[in-house]
2 protein chains.
Amino acid sequence: MATDKKFVESITDMEKDFPQWYTDVVKKADLTAYSSLKGCMIIRPYGYAIWELIQKQMDEKFKETGHENVYMPMFIPESLLQKEKDHIEGFAPEVAWVTQGGDKQLEERICVRPTSETLFCEHYANIIHSYRDLPKLYNQWCSVVRWEKTTRPFLRTTEFLWQEGHTAHATAEESLEETLKILDIYANFCRDILAMPVIEGEKTEKERFAGAEHTFTIESLMHDGKALQSGTSHNFGDGFAKAFGIQYTDKDNQLQYVHQTSWGVTTRLIGAIIMVHGDNSGLVLPPRIAPIQVIIVPITQQDDVLEKANELKTNLSKICRVKLDDSDKTAGWKFSEYEMKGVPVRLEIGPKDLDNNQVVLARRDNGEKITVSMDELTEKIPALLDEIHENLLKQATERQNHKTYVAHNMDEFEKTLNETPGFIKAMWCGDKACEEAIKEKSGATSRCIPFEQENLSDVCVCCGKPAKHMVYWGRAY
Amino acid sequence: MATDKKFVESITDMEKDFPQWYTDVVKKADLTAYSSLKGCMIIRPYGYAIWELIQKQMDEKFKETGHENVYMPMFIPESLLQKEKDHIEGFAPEVAWVTQGGDKQLEERICVRPTSETLFCEHYANIIHSYRDLPKLYNQWCSVVRWEKTTRPFLRTTEFLWQEGHTAHATAEESLEETLKILDIYANFCRDILAMPVIEGEKTEKERFAGAEHTFTIESLMHDGKALQSGTSHNFGDGFAKAFGIQYTDKDNQLQYVHQTSWGVTTRLIGAIIMVHGDNSGLVLPPRIAPIQVIIVPITQQDDVLEKANELKTNLSKICRVKLDDSDKTAGWKFSEYEMKGVPVRLEIGPKDLDNNQVVLARRDNGEKITVSMDELTEKIPALLDEIHENLLKQATERQNHKTYVAHNMDEFEKTLNETPGFIKAMWCGDKACEEAIKEKSGATSRCIPFEQENLSDVCVCCGKPAKHMVYWGRAY
């Protein structure tokens, strides 16, 4: 089909130019558009519908585990942001400052939240008094602003959407437990909903969040072998509590500091989905976050075909997110349009199918076509969507395993990264100097110290001194 | 019960001091808290859960009528805000200006959106080309900022949450139809979900939105006789389209301007719920947006009572939003706590109830108590919640009717407003000068020209010249 070809040819091959492929997909699949302000993106209906599906399913997990949603102001007075020393150092260089309200110059600058630890801490200091007030398990869905120099849709933008959880606990054990529980929710969500494998582990001190005692992370691997930090969960201990005076009276009537956590995932996850599952025909969406799970394409515009297509749509809408494209565009155009948009299943129906009481189902993940009786559709489609999910997860896991290498010395390390980019597993002495040297030599950063440790050798890949941890390294977004 | 009394006494009587009653309810029902930035509120879990229920149910209505959600940036460059002359005049005095990003002074000031017409217009100019691209029916849920001098939780805050719909249509007729369709969705939502009667009508030219040809509104009446604008729907005609160059090629290959609308409701609706339904025991929530619809209060802490209470909770959670308070506080404390929080139904269970296989259901709206067999609960409770909804709507409608007066001259007008505040229906010549004179004399503004017109007399209540419309007037929030 001529139109078909032409449509698809307008995307760059990912093997030729991965960044351009990414930009093409984001644009052609109608996910985002540029606004007149550099670095700010418009999330278009199709992109936003993916975010809504992520949000809804993740919010359920938060609520099931006892978390409550709140809304904090978007503004933070400069004096409040400065209360925790490490925190302000980390964020001050990248915040947007409001200095005028209406016609008036403000007496104190206020920043647009880059993250809301300081606001939650101030609030917690006001509302937590007794052990009966604990734990506080709050979350909010909002947008935050970080004044970025170079930006890319979903991956790094001046404003982005996210959720930020902020909790306060009576003891250090409880806050650590919460931090890890959330990391597990994130990791399971990636696998079970996004069909995306992740490595779970802890960040090194150098890569830790500003003000945290521990930062845990889930790291995923993109098609081009670059890593993407996909979610983080921070344990603050009582550092913020001491800076903000968040104290409670325990059962023995003693004044104690609370222990806190914070954790977040962002619209970056959509970038991850694109770069983990996508191919040279465009987006490939995991069924559980696909705004359209089944696209019905009538092969001809005959009345009886359209009528049946409409009837199928009505029936299927009870069991999945289905759309019928009955526009007067060619079937070929529609095929490539919905391939570009990553719709998991295409349902083709033509005059011959009508005669045989059947339809053709085409899978986006592997291109397979099967013929199915119309009577079996409501049974087959949910099963097929699950099968596609499992296959996407399997493929992505295999790709990630295939692109995970071991390095025993810096020569191997650099050679591997340059020739076959991916995760590099290598031993590390625990010294920041080695971490910095590795970054300087190879451009790779430590992604995490994975929970699942392996003993690859006894010595650090960089300095040769005794090794403390196995670390995942990689060049990252 | 001593604890009961003591708890309730801490709210001011609404008849004594309505504004203080409002502030007390908002605080004691845990709806909001203050942040360190004047005019910005923290929406606490209980308040935010109400907003989530509003959002979910209203979003369904938008989607059913073909609207799609998007996300626009929160920042608007000054030059973009200035593109439509009336619009910038209306909003410039009340916006927050970002002038620094990180360490750098920005070349152009950017404002935090007070509303997003300009952003949607710019985007529409980029994506609308042909009649095939129309209509565009977009909506977004976000927060906006208006630099207010005096603020009150939910009613007027520097930052507030809302939805803003922005649509583009081929013809003037279609955009007018959309504007009215949305007003209807708002009005029905208020009645069917919030149990709140509203007057539907059009704003006078003086009260119109900056840049609109028509502004339609729903107006509701609070307990204290003051009016609250509860939602607006604007028809822009092609004014913005001309300012932003939003054109499409019609079927005859002619270039045409689009016709646009915008419309919104905000967290103000929560303020309306408080002031329409609340009483001297606190909040009274309409069941369909009550985060807790049924609160189970065990009368004693006996094991068998708690066990049965837990069992009931599990069963009822399948049909309503139910909570069990099994804390060691007294039953009396719990009674007034959940009255304060406006929970529609209290389910009391004690040892005697266990013996008789029954519970007591107490209604928040009228205080009635009924004894119900445990076997009938899953049937009775949904019916009871509907009954409470209907009763709240009926009561509020009666109150509104009772507080709606007619004035034939300015003496009557002022006397009524001063002695029995409420809506005043009065005839108007259509002249802005009279509208201004009325405001100066009485403090009342024109709330709307209602769709349901009555001919109260032939002359304007203010100047005595021939009347054009009947208008609802009132002092307003």
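Located above this text is the structure these notes cover.
Residues numbered from 1 in each chain as written. Chains lettered and ligands numbered in written order. Predicted model: local features only at pLDDT ≥ 70, side-chain atom pairs only at ≥ 80, totals over all residues. Heavy atoms only, no water.

## With respect to the state of the cysteines
Reasoning step 1: Following the criterion strictly, the structure yields zero disulfides over all chains and no others.
Reasoning step 2: A disulfide-free cysteine, Cys40(A) has its sulfur positioned 12 Å from the sulfur of Cys111(B), the nearest such atom.
Reasoning step 3: As a non-bridged cysteine, Cys462(A) has Cys434(A) as the owner of its nearest cysteine sulfur, 3.9 Å distant. (Disulfide = S-S within 2.5 Å.)

## Here's the deal with the sheet that holds strand E4 (residues 75–77) of chain B
Reasoning step 1: Taken together, the six strands give an open sheet; going across it, the order is E4(A)-E6(A)-E5(A)-E5(B)-E6(B)-E4(B), and neighbouring strands pair in antiparallel fashion. Looking along the sheet, the strands with just one partner apiece sit at the ends: strand E4 (75–77) of chain A together with E4 of chain B. The average undirected angle you get between the axes of adjacent strands in this sheet is 45°.
Reasoning step 2: Sheet analysis places E4(B) next to strand E6 (residues 104–112) of chain B, joined by three bridges and oriented antiparallel. Paired with Pro77(B) across the two strands is Ile110(B), which belongs to E6(B). (Pairing = 2+ DSSP bridges. Helix = DSSP H or I, 4+ residues; strand = E, 2+ residues; numbered from the N terminus. Axes fitted to C-alpha atoms, helices over the stretch in contact; angles between N-to-C directions.)

## Brief notes about a negative patch on the surface
Reasoning step 1: On the surface, a cluster of negative charge is contributed by Asp303(A), Asp304(A), Glu307(A) and Asp355(A).
Reasoning step 2: The element contributing the most residues to the negative patch is helix H10 (residues 303–316) of chain A, with three residues. (Patch = residues over 30% accessible without salt bridge, like charges linked within 9 Å, V, L, I, M, F, W, Y side chains within 5 Å. Areas by Shrake-Rupley, 256 points an atom, 1.4 Å probe, with all protein chains shown as cover. Salt bridge = Lys/Arg side-chain N within 4 Å of Asp/Glu carboxyl O. Lys, Arg positive; Asp, Glu negative; His and termini not counted. Charge placed at Lys NZ, Arg CZ, Asp CG, Glu CD.)

## Comments concerning the pattern of salt bridges
Residues and elements named next belong to chain A.
Reasoning step 1: This structure, assessed with the given rule, holds 54 salt bridges over all chains.
Reasoning step 2: A salt bridge links Lys206 to Glu207, with the shortest nitrogen-to-oxygen separation between them at 3.5 Å.
Reasoning step 3: The partner of Arg346 in a salt bridge is Glu348, and the shortest N-O contact between them spans 2.9 Å.
Reasoning step 4: Judged by relative accessible area, which is 7%, Glu348 ranks as buried. (Buried < 20%, exposed > 50% of the residue type's maximum accessible area, 1.4 Å probe, protein only.)

## What to know about a nonpolar patch on the surface
Residue and element names in this part refer to chain A.
Reasoning step 1: A cluster of nonpolar side chains, Leu176, Leu180 and Phe451, forms an exposed patch at the surface whose accessible area comes to about 230 Å².
Reasoning step 2: Counting through the fold element by element, Leu180 comes out in helix H7 (residues 172–192).
Reasoning step 3: In this structure Leu180 comes out as partly exposed when scored by relative accessible area, which is 31%.

## Topic: the packing of aromatic side chains
Residue and element names in this part refer to chain B.
Reasoning step 1: By the definition in use, this model includes 32 aromatic pairs over all chains.
Reasoning step 2: Ring geometry for Phe62 against Trp141: centres 6.3 Å apart, planes inclined by 35°, an arrangement best described as tilted. Here the residue Phe62 occupies a position in helix H3 (residues 45–64), and Trp141 occupies one in strand E7 (residues 136–145), the gap between them amounting to 79 residues.
Reasoning step 3: Given the relative accessible area of 1%, Phe62 is considered buried.
Reasoning step 4: On the basis of relative accessible area, Trp141 is assigned to the buried category, the value being 10%.
Reasoning step 5: Here the aromatic rings of Phe216 and Phe451 are separated by 5.9 Å at their centres, their planes lie at 55°, and the arrangement is tilted. In this pair, Phe216 sits in strand E10 (residues 214–221) while Phe451 sits in the loop between strand E22 (445–450) and strand E23 (469–474), placing the two residues 235 residues apart along the sequence. (Phe/Tyr/Trp six-rings, centres within 6.5 Å; stacked < 30°, edge-to-face > 60°.)

## Considerations on the side chain of Glu178(B)
All names here are of chain B.
Reasoning step 1: With respect to the element layout, Glu178 can be found in helix H7 (residues 172–192).
Reasoning step 2: One buried charged side chain, Glu178, makes no salt bridge at all; its nearest oppositely charged neighbour is Lys181, positioned 4.4 Å away.
Reasoning step 3: Residue contacts for Glu178: discarding those within four places in its chain leaves His67, Leu137, Thr167, His169, Thr261 and Trp263. (Contact = heavy atoms within 4.5 Å.)

## So, the interface of chain B and chain A
Reasoning step 1: The partner chain A presents 53 residues to the 53 residues of chain B that form the contact.
Reasoning step 2: Counting every contact that joins chain B to chain A gives four salt bridges.
Reasoning step 3: Across the pair Asp328(B) and Arg132(A) runs a salt bridge, and its minimum N-O distance is 3.3 Å.
Reasoning step 4: Sorting elements by how many residues they give to the side of chain B that touches chain A places strand E5 (residues 96–101) of chain B first, with six residues.

## Quick word on the environment of Val297(A)
Reasoning step 1: Here Val297(A) shows up in strand E15 (residues 294–298).
Reasoning step 2: In this structure Val297(A) touches Ala331(A), Lys334(A), Phe335(A), Arg346(A), Leu347(A), Glu348(A) and Ile349(A), once residues within four positions along its chain are discounted.

## What about helix H6 (residues 117–127) of chain B?
Reasoning step 1: Counting buried residues in H6(B) gives nine out of eleven residues, a clear majority hidden from the surface.
Reasoning step 2: The complete set of buried residues in H6(B) reads Glu117(B), Thr118(B), Leu119(B), Phe120(B), Cys121(B), Glu122(B), His123(B), Tyr124(B) and Ile127(B).

## Overview of the relation of the copies chain B and chain A
Reasoning step 1: Rotating chain B by 180° and moving it 0.0 Å along the rotation axis overlays it on chain A with an RMSD of 0.0 Å. Within this description, the copies of the chain are treated as partners about a two-fold rotation axis. Using C-alpha coordinates, one finds that chain B approaches the rotation axis most closely at Val98(B), a distance of 2.1 Å.
Reasoning step 2: Same-surface contact between copies: 100% of interface residues of chain B are shared with the interface of chain A. (Least-squares fit on C-alpha atoms with pLDDT ≥ 70 in both.)

## What about helix H13 (residues 377–402) of chain B?
Reasoning step 1: Taking 1.5 Å as the rise per residue, H13(B) with 26 residues should run 38 Å; its terminal C-alpha atoms sit 36 Å apart, in good agreement.
Reasoning step 2: Of the residues making up H13(B), those classed as buried are Leu377(B), Ile381(B), Leu384(B), Leu385(B), Ile388(B), His389(B), Asn391(B), Leu392(B), Leu393(B), Ala396(B) and Gln400(B). (Expected span 1.5 Å × (residues − 1).)

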